[in-house]
Structure formats: structure tokens, C-alpha cells
Amino acid sequence: MPIQSKYSNKQVEDIVDQLLNVLTQKNATVDLSLMCLGNSITHIIKEHVPEGKRQAVTANFAKALEQSVK
């Protein structure tokens, strides 16, 4: 059974488009883009996820990322 998101595809697509537009405007290479997005993810986790849950959130995120590129 597929997982239902509480966010619409439109909401997600709009934000992703904005993020990609910034990277394009800055002429960010693939490695710079990945570094920036990775640093953003780290910041979000450290600032908004309780310390006791960070490892699990990080592991779940990494697993989802890995599955999404297969």
C-alpha cells in the first residue's frame, strides 16, 4: 500500500522548482548543489528534530533517498 503524504504534489513540486531555480541561477555544479542541499538537510535536522530522534530520521531519509534513485 502506498504511503499517503499530508502534502500535495503541487506543494512539493513548487518548492522543489524554487530550490532548483536558485541552484540554476547560481550556476551551481552537481557537487556544489549536493553540498548545499546536504548542508540544508543537516541544518533542518539539527534545528527541528529532537536529538534522540535524529539518528532514526537520518537513517530513514538516507534509505528513502537510496530507494528514490534506483
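Residues numbered from 1 in each chain as written. Predicted model: local features only at pLDDT ≥ 70, side-chain atom pairs only at ≥ 80, totals over all residues. Heavy atoms only, no water.

*Asks:* Describe the overall build of the protein chain, naming the residues involved and giving the relevant values.
*Replies:* Check the secondary structure of the protein chain and you find three helices and zero strands. Along the protein chain, from the amino end to the carboxyl end, the secondary structure elements read α-α-α. Surface exposure of the protein chain reaches about 6600 Å², of which carbon and sulfur atoms provide 59%. The average position of the 8 basic charges and that of the 7 acidic charges among the side chains of the protein chain differ by 6 Å. (Helix = DSSP H or I, 4+ residues; strand = E, 2+ residues; numbered from the N terminus. Areas by Shrake-Rupley, 256 points an atom, 1.4 Å probe, with all protein chains shown as cover. Lys, Arg positive; Asp, Glu negative; His and termini not counted. Charge placed at Lys NZ, Arg CZ, Asp CG, Glu CD.)

*Asks:* Describe the pattern of salt bridges, and please don't skip the residues or the numbers.
*Replies:* A full pass over the atoms with the stated rule returns one salt bridge. Linking Lys10 and Asp14 is a salt bridge whose minimum nitrogen-to-oxygen distance equals 2.9 Å. Of this pair, Lys10 and Asp14 both sit in helix H1 (residues 9-25), four residues apart, which is roughly one turn of the helix. You can call Lys10 exposed: its relative accessible area is 54%. (Salt bridge = Lys/Arg side-chain N within 4 Å of Asp/Glu carboxyl O. Buried < 20%, exposed > 50% of the residue type's maximum accessible area, 1.4 Å probe, protein only.)

*Asks:* Can you explain the environment of Gly38? Please cite residues and give values.
*Replies:* Note on placement: Gly38 falls in helix H2 (residues 30-48). The exposure class of Gly38 is partly exposed, given its relative accessible area of 27%. Placed 22 residues apart in sequence, Gly38 and Val16 show a C-alpha to C-alpha distance of 14 Å.

*Asks:* So what's going on with unusual backbone geometry? Which residues, and what values?
*Replies:* Phi angles above zero are rare outside glycine, and Asn27 is one such case at about 55°. Relative to the helices and strands, Asn27 resides in the loop between H1 and H2. Asn27 gets classed as exposed once you look at its relative accessible area, which sits at 67%.

*Asks:* A description of the packing of H2 against helix H3 (residues 54-68) should follow, citing residues and the corresponding values.
*Replies:* At their nearest, the axes of H2 and H3 sit 10 Å apart, and the two run at 150° to each other. The handedness of the crossing between H2 and H3 comes out as right-handed. Taking contact as the criterion, the partners of Ile41, Ile45 and Lys46 in H2 are, on H3, Arg54, Val57, Thr58 and Phe61. Tallied by class, the residues present in the contact of H2 with H3 amount to four nonpolar, one polar and two charged. (Axes fitted to C-alpha atoms, helices over the stretch in contact; angles between N-to-C directions. Left-handed = near helix turned anticlockwise from the far one by under 90°. Contact = heavy atoms within 4.5 Å. Nonpolar A, V, L, I, M, F, W, Y, C, P; charged D, E, K, R; others polar.)

That's the geometry; what it means functionally is another story.
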